[in-house]
Amino acid sequence: MGVDNEQRIRERAYAIWLDEGCPHGRDSEHWLRAEQALADDAAGLPDLSPVVAEVKAPRKAAAPKTVAPKAAGPSKSVKAEEPAVAAAEPPKARKPRVRKTVTA
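Owing to the predicted nature of the structure, the values given are computational and were not obtained by experimental measurement.

Rules and cut-offs
- Think of each chain on its own: its residues are numbered from 1, step by step along the sequence as written.
- Per-residue local features of the predicted model are confined to residues with pLDDT of at least 70, and side-chain atom pairs are confined, for both listing and counting, to 80 or more; whole-chain, interface and lining totals are unaffected and use all residues.
- The side-chain quantities take in all heavy atoms of the structure and omit both hydrogens and water.
- By convention in these notes, a salt bridge is any Lys or Arg side-chain nitrogen within 4 Å of a carboxyl oxygen on Asp or Glu.
- Runs of H or I in DSSP of at least four residues are treated as helices and runs of E of at least two as strands, each being numbered from the N terminus.
- When a residue's accessible area, from a 1.4 Å probe over protein chains only, is under 20% of the maximum for its type it is buried; when over 50% it is exposed; and in between it is partly exposed.
- The span you would expect from a helix comes to 1.5 Å times its residue count less one.
- Directions are taken from the helix axis to each C-beta atom, and the arc is the one they span.
- Residue contacts are counted whenever heavy atoms from the two residues lie within 4.5 Å of one another.
- Centres within 6.5 Å are what make two rings of Phe, Tyr or Trp a pair, Trp counting through its six-membered ring; a difference in plane orientation under 30 degrees is then read as stacked, over 60 as edge-to-face, and the rest as tilted.
- Definition used in this section: a nonpolar core is a set of buried Ala, Val, Leu, Ile, Met, Phe, Trp, Tyr and Cys residues joined via side-chain atoms within 4.5 Å.

## Notes on the pattern of salt bridges
When their charged atoms lie close together, side chains carrying opposite charge are able to pair.
Then, number 1: Evaluation of the coordinates by the stated rule reveals 7 salt bridges.
Then, number 2: A salt bridge links aspartate 41 to arginine 12; the shortest N-O distance between them is 2.8 Å. On the criterion of sequence distance, the pair formed by aspartate 41 in helix H2 (residues 27-43) and arginine 12 in helix H1 (residues 3-19) is long-range, its members being 29 residues apart.
Then, number 3: The class of aspartate 41 is partly exposed, set by a relative accessible area of 41%.
Then, number 4: On the accessibility criterion, arginine 12 (26% relative accessible area) is partly exposed.
Then, number 5: Close ionic contact of arginine 33 with glutamate 29 constitutes a salt bridge, the shortest N to O distance being 3.9 Å.

Here is the structure:
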């Protein structure tokens with residue numbers, strides 16, 4: 001077995017190990033499966049190993065945040081047609097922290 005072939009087997013076995021979720025103690029099984037897969041590739045046989053696809057659920061769209069009217073204090077006139085949606089304002093810049101000097 002050449003060094004190049006051994007490296008390909010090692011890489012294929014590593015890929016199998018990762019696909020199975022990195023199980024402990026099954027390295028010889030992964031090595032044999034990698035050897036068989038490379039032998040099948042060389043012979044032109046199709047890979048019959050099961051294909052597992054990871055399907056993720058779509059993300060939910062966030063509902064727009066509404067601003068509740070203040071309970072106390074004088075109210076300003078608010079137009080009925082305008083929805084009470086918070087404006088997208090950039091966050092306020094903070095002052096940088098300054099280390100206090102220690103004097104002995």
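Let us keep going from here.
## Here we look at H1
Then, number 1: Relative to the 24 Å expected for 17 residues at 1.5 Å per residue, H1 spans 24 Å between its end C-alpha atoms, a close match to the ideal helical length.
Then, number 2: When H1 is considered as a whole, its buried residues turn out to be Ile9, Ala13 and Ile16. Viewed end-on, H1 has its buried residues packed into an arc of 60°, placing them on one side of the element. In this structure, H1 carries Val3 and Asp4 as exposed residues pointing more than 90 degrees from its buried face.
Then, number 3: As for H1, its buried residues are in contact with H2.
Then, number 4: Glycine 21 occupies a position one or two residues after H1 and carries a positive phi of about 90°.

## Structural notes on the packing of aromatic side chains
Then, number 1: Summed over all chains, the structure comprises 1 aromatic pair.
Then, number 2: For the ring pair tyrosine 14 and tryptophan 17, a centre distance of 5.7 Å and an interplane angle of 35° mean the geometry is tilted. Of this pair, tyrosine 14 and tryptophan 17 both sit in helix H1, 3 residues apart, roughly one helical turn.
Then, number 3: Tryptophan 17 gets classed as partly exposed once you look at its relative accessible area, which sits at 29%.

## Regarding the nonpolar core
Then, number 1: Ranked by size, the top nonpolar core spans 5 residues in total: Ile9, Ala13, Ile16, Ala34 and Leu38.
Then, number 2: Counting residues per element, the ones that place at least two in this core are H1 and H2.
Then, number 3: Take this core: its biggest share by element is 3 residues, from H1.
Then, number 4: In contact with alanine 34, not counting residues within four places along its chain, are Ile9, Arg12, Ala13 and Ile16.

## Thoughts on the side chain of histidine 30
Then, number 1: Tracing the backbone shows histidine 30 in helix H2.
Then, number 2: For histidine 30, a relative accessible area of 2% gives the class buried.
Then, number 3: Excluding anything up to four places from it in sequence, histidine 30 contacts Ala13, Ile16, Trp17, Glu20 and Pro23.

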